[in-house]
Amino acid sequence: MATTPSMDLMLERVEALLSRHEALQRAHAQLQEQVTTLTQERDSLQSRLTAARARVDALIERLPKTFDQDE
């Protein structure tokens, strides 16, 4: 069965759309992986920050209390 020029054009466009869709799906999957990685990194950094704050607070508590110079 012979195809007409308009049918050929339509087939080319459908194939181009399918190709673009596949490329977008791959890009989306890569972005999802990046989001997961960055979320894990953020959570780790937040945990480290919380631990560092706790250590700083503990060090501040160990500092001797100072008196006003007027007294």
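Treat the numbers as computed from the prediction; the structure is a model and nothing was measured. (Residues numbered from 1 in each chain as written. Predicted model: local features only at pLDDT ≥ 70, side-chain atom pairs only at ≥ 80, totals over all residues. Heavy atoms only, no water.)

## Side note on the overall build of the protein
Next up, step 1: Regarding its fold elements, the protein presents 1 helix and 0 strands.
Next up, step 2: Over its C-alpha trace the protein gives a radius of gyration of 31 Å, far above what one expects of a compact globule, namely 11 Å for 71 residues.
Next up, step 3: With the C-alpha coordinates of the protein rotated into their principal frame, the extents come out at 105 × 20 × 5 Å.
Next up, step 4: The buried share of the protein, taken over its 71 residues, is 0%.
Next up, step 5: When the accessible surface of the protein is split by element, carbon and sulfur atoms take 58% of a total near 7,200 Å².
Next up, step 6: In the protein, 9 side chains carry a positive charge and 12 a negative one; their mean positions are 3 Å apart. (Helix = DSSP H or I, 4+ residues; strand = E, 2+ residues; numbered from the N terminus. Rg over C-alpha atoms; globule rule 2.2 N^0.38 Å. Buried < 20%, exposed > 50% of the residue type's maximum accessible area, 1.4 Å probe, protein only. Areas by Shrake-Rupley, 256 points an atom, 1.4 Å probe, with all protein chains shown as cover. Lys, Arg positive; Asp, Glu negative; His and termini not counted. Charge placed at Lys NZ, Arg CZ, Asp CG, Glu CD.)

## A short note on a nonpolar patch on the surface
Next up, step 1: Where nonpolar side chains cluster on the molecular surface, the patch consists of Met7, Met10, Leu11, Val14 and Leu18 and spans about 450 Å² of accessible area.
Next up, step 2: By the element assignment, Leu18 lies in helix α1 (residues 5-62).
Next up, step 3: The class for Leu18 is partly exposed, based on a relative accessible area of 49%. (Patch = residues over 30% accessible without salt bridge, like charges linked within 9 Å, V, L, I, M, F, W, Y side chains within 5 Å. Salt bridge = Lys/Arg side-chain N within 4 Å of Asp/Glu carboxyl O.)

## Considering the environment of Thr66
Next up, step 1: Secondary-structure assignment places Thr66 in the segment after α1.
Next up, step 2: The sequence separation of Thr66 and Glu41 amounts to 25 residues, and the corresponding C-alpha distance is 40 Å.

## A closer look at the pattern of salt bridges
Next up, step 1: Across all of its chains, the model carries 1 salt bridge by this definition.
Next up, step 2: Notably, a salt bridge pairs Asp43 with Arg42, separated by 2.8 Å at the nearest N-O pair.
Next up, step 3: Relative accessible area serves as the criterion here: at 43%, Arg42 is assigned to the partly exposed category.

## Considering the UniProt feature "coiled-coil region" (unreviewed entry) in the protein
Next up, step 1: UniProt records the feature "coiled-coil region" (unreviewed entry) for residues 7-62 in the present numbering.
Next up, step 2: Annotated as residues 7-62, this span is 100% helix and 0% strand, and its ends, taken at the C-alpha atoms, are 82 Å apart. (UniProt positions renumbered as here; feature names shortened; annotations may be inferred.)

## Structural notes on the environment of Ala54
Next up, step 1: For Ala54, the location among the structural elements is in helix α1.
Next up, step 2: The spacing of Ala54 and Gln34 is 20 residues in sequence and 30 Å in space, taken between C-alpha atoms.

## A few points about the environment of Leu45
Next up, step 1: On the secondary structure map, Leu45 appears in helix α1.
Next up, step 2: For Leu45, a relative accessible area of 45% translates into the label partly exposed.
Next up, step 3: Considered as a pair, Leu45 and Met10 are 35 residues apart in the sequence and their alpha carbons are 52 Å apart.

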